[in-house]
Amino acid sequence: MEHKFFKNRYILARIKIAFSILLKGRISVKKILNAAHCWFAQKFHFVKASPFPFMINFELWNECNAQCTFCRTDDGEIYDQNPANKGQVPIPKGKMSLDMYKEIIEQSKDHILIAVLYVNGEPLMYTDLYEAIKFASDRGVATLISTNGELLTEKNIKKLLESGLDFIKIAISGFSQDIYTVQHRGCHIEKIKDNLK
């Protein structure tokens, strides 16, 4: 019974997201058809998928202030979860140029539903984040970031809102510093809680 509840809650969250970006004018018939093509291609194992994905994850910069135990070594190297590499090769640290990001958004803006602006890093550490969000928003592409919340100051929140950010996830693993540091070597939970207030 519990599993079904969480599954329905997950579906409701997706419907809520879709409705939200629909109201903002970020969904078109072309995008819906592309998303449907992607879904059918995956579900029925088509030989050829849609020419465009329905979502793109961008690794704008993979530096992070949290140094999570499940993501990085004690030395700050990013774990490579690719089974082919057997976890031996760390992911190189780097930053995507804003020009490259803009070129990808420009090429895919009529097809993708959402640009997810994080993978292994803290997006609020990327100095061009607000410009990246605004660029996608101005082209009708919804945006989402996930943050650990330590840099989520009132000033940064205002800049996120002004840039047109559609969705934000705040990842918190415990409400006391002792519990929080089980998974996060950096950051301070009291500062994060203050930022959320």
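This text follows the structure it describes.
Here the structure is a predicted model, which is why all the values come from computation and not from measurement.

A. Representation of the overall build of the chain. Helix and strand counts for the chain stand at 7 helices and 4 strands. Here the C-alpha radius of gyration of the chain, 18 Å, is about what a compact globule of 197 residues would show, namely 16 Å. With respect to the three principal axes, the spread of C-alpha positions in the chain is 50 × 45 × 40 Å. Across the 197 residues in the chain, those meeting the buried criterion constitute 39%. The long-range fraction of contacts in the chain, counting pairs at least 24 apart against all pairs at least 6 apart in sequence, stands at 68%. Accessible surface computed for the chain: about 12,300 Å², of which carbon and sulfur atoms make up 61%.

B. Structural detail: the packing of aromatic side chains. Applying the stated criterion to the full structure yields 4 aromatic pairs. With a centroid separation of 5.8 Å and 15° between ring planes, the pair formed by F40 and F44 is classed as stacked. Taking relative accessible area as the criterion, F40 reaches 37% and is therefore assigned partly exposed. Plain terms: the ring middles of F58 and Y101 are 4.8 Å apart, the flat faces sit at 70° to each other, and that makes the pair edge-to-face.

C. Quick look at the layout of surface pockets. The space that makes up the largest pocket amounts to roughly 960 Å³. R14, I17, F54, M55 and L113 are, among the 24 residues lining the largest pocket, the residues nearest its centre. Counting only elements with at least two residues in the lining of the largest pocket, the list comes to helix 1 (2-23), helix 2 (29-43), strand 1 (55-57), strand 2 (114-116) and strand 4 (167-170). Of the pockets and cavities examined, the second largest pocket occupies roughly 280 Å³. Taken together, 18 residues line the second largest pocket, and the ones lying closest to its centre are C64, C68, F70, G121 and A171.

D. Molecular detail of the environment of G174. Tracing the backbone through its elements, the reader meets G174 in the loop between strand 4 and helix 6 (177-180). Separated by 10 residues in the primary sequence, G174 and H184 have C-alpha atoms spaced 9.9 Å apart. Those residues in contact with G174 that sit more than four places away from it in its chain are I179, Y180 and I189.

E. Representation of helix 4 (residues 129-138). When you tally the buried positions in helix 4, you get 7 out of 10 residues, the bulk of the element. Among the residues of helix 4, L129, Y130, A132, I133, F135, A136 and S137 are the ones counted as buried. Against the buried residues of helix 4 lie helix 3 (98-108), strand 3 (142-147) and helix 5 (154-163). Taken from the residues just after helix 4, G140 is the one with a positive phi, measuring 75°.

Thresholds applied
Residues numbered from 1 in each chain as written. Predicted model: local features only at pLDDT ≥ 70, side-chain atom pairs only at ≥ 80, totals over all residues. Heavy atoms only, no water. Helix = DSSP H or I, 4+ residues; strand = E, 2+ residues; numbered from the N terminus. Rg over C-alpha atoms; globule rule 2.2 N^0.38 Å. Buried < 20%, exposed > 50% of the residue type's maximum accessible area, 1.4 Å probe, protein only. Contact = heavy atoms within 4.5 Å. Areas by Shrake-Rupley, 256 points an atom, 1.4 Å probe, with all protein chains shown as cover. Phe/Tyr/Trp six-rings, centres within 6.5 Å; stacked < 30°, edge-to-face > 60°. 1 Å grid on protein atoms, 1.4 Å probe; cavity = no way out; pocket = protein on both sides within 12 Å on 5 of 7 lines; lining within 4 Å. Points joined across faces, edges and corners; volume = space filled by probe spheres on them.

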